[in-house]
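# Structural features, examined
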Amino acid sequence: MFLIALILSFMLCVGLGVSGKVGITNTQTVRTTYGNNSAPWLIPGVIEAENFDEGTPSDPAYHTITPGNQAPPDQYYRTSEVSIGVDHILGLADVGWIDSGEWLEYTINVAKTDIYDIGVRIATPLDGKYLHIEFNGADKTGRINAPNTGCWGSDLHGGHCFQDVTVPGVSLTAGTQRMRVVFDTGLYTVDSFNFMTHTDNTANQSLGINLRREKPTR
Ligand SMILES: [Ca+2]
């Protein structure tokens, strides 16, 4: 009995010790992007949610409340404390199992000062969930409401219920900066962020082309 209590208390201590810590993906000393040859993600362009930066102990690139990757082991994408789902059939990776208050950061390079529209590919079977996006610490989007799409995104059997929410008219300044996606409520799955200048998006819409990419890509 004492042994069980000891084990339980140890587990509790470990859990409390990890819970709420700001994530450190590895022991590297220089923060970089993940993929893209360590270069900032170019805007306009697409940033996959799962490709948040590789942080350092003093400059973390994510904040996770629930430690460990909660996705099944066969859905491995990268080493981090962020829960990333992988749909091998669709060739899709996404960030899921999201808790309120968590955030992810990406280093971006805005090609020119302009007004941008952002397509956020997101899924949730719940109502009333939302997030916002900060650029160099400033909230530039306000509340982005997630639609109830009827499921958590992909179901590993080819099912797919992501929808693209367009955030119009986001003013961004040229240059390299930090983008922080703040999960105000959690309880949704995020696949990607698609940036287009408002001018280009408007022109495309007149041709019947919208920010939605027809096929989910990794
Ligand atoms: Ca993705």
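Residues numbered from 1 in each chain as written. Predicted model: local features only at pLDDT ≥ 70, side-chain atom pairs only at ≥ 80, totals over all residues.

### Focus on the overall build of the chain
What counts here: Only DSSP runs of H or I reaching four residues or more are called helices, and only runs of E reaching two or more are called strands; each is numbered from the N terminus. To sort residues by burial, count the other C-beta atoms lying within 10 Å of each one's C-beta; a count of 20 or more means buried, 12 or fewer means exposed, and anything in between means partly exposed. C-beta atoms are built from the backbone. Note on contacts: residues are paired as contacts if their backbone-placed C-beta atoms lie within 7 Å.
Secondary structure summary: the chain contains two helices and 14 strands in total. The buried share of the chain, taken over its 218 residues, is 35%. Relative to all contacts within the chain whose residues are 6 or more apart in sequence, the contacts with residues 24 or more apart total 74%.

### A look at the confidence of the model for the chain
Going by this rule: The pLDDT value expresses, per residue, how confident the predictor is, ranging between 0 and 100.
Confidence along the chain averages 86 in pLDDT terms, with 82% of residues attaining 70 or more. Confidence over residues 1-21 falls short of pLDDT 50; this stretch has four contacts with residues more than four positions distant or in other chains. Segment residues 214-218 is flagged for pLDDT under 50; beyond a separation of four residues in sequence, or across chains, it makes ten contacts in the model.

### Quick notes on the nonpolar core
Burial of nonpolar side chains together is a common tendency in soluble globular proteins. Counted only if it meets this: Residues of type Ala, Val, Leu, Ile, Met, Phe, Trp, Tyr and Cys that are buried and joined through C-beta atoms within 7 Å form what is called a nonpolar core.
If you look at the biggest cluster of nonpolar residues, it comprises 41 residues, and the most contacted ones within it are I43, F52, V95, L104, Y106 and I122. Dropping the residues within four chain positions of it, L104 is found in contact with F52, Y62, V82, V95 and V181.

### Observations concerning unusual backbone geometry
Omega for the peptide link from I43 to P44 comes to 5°, which places this bond in the cis form. When you line up the elements, P44 lands in the loop between strand 2 (41-43) and strand 3 (45-48). Of note, S38 is a non-glycine position whose phi angle comes to about 65°, a positive value. Relative to the elements of secondary structure, S38 occurs in the loop between strand 1 (22-23) and strand 2.

### Remarks on the environment of H198
Residue placement: H198 occurs in helix 2 (residues 198-206). Distance in space between the C-alpha atoms of H198 and P168 is 7.2 Å, their sequence separation being 30 residues. Setting aside residues no more than four positions away along its own chain, H198 makes contact with I115, Y116, D117, P168 and G169.

### Quick notes on the pairing of strand 7 (residues 103-110)
For the record, the criterion: By the convention used here, strands pair only if DSSP detects at least 2 bridges between them.
Most of strand 7 is tucked away, with seven of its eight residues classed as buried. Of the pairings in the sheet, the one linking strand 4 (residues 62-63) to strand 7 comprises two bridges and is antiparallel in character. Looking across to strand 7, one finds that H63 is bridged to W103. Alignment of strand 7 against strand 13 (residues 175-182), held across eight bridges, turns out to be antiparallel. Looking at strand 13, one finds that T107 is bridged to R178.

### Focus: the environment of L126
Note that L126 resides in the loop between strand 8 (114-123) and strand 9 (129-135). For L126, a count of 13 C-beta atoms within 10 Å corresponds to the partly exposed category. For the pair L126 and T149, spaced 23 residues apart in sequence, the C-alpha separation works out to 7.9 Å. If sequence neighbours within four positions are ignored, L126 has contacts with N148 and L187.

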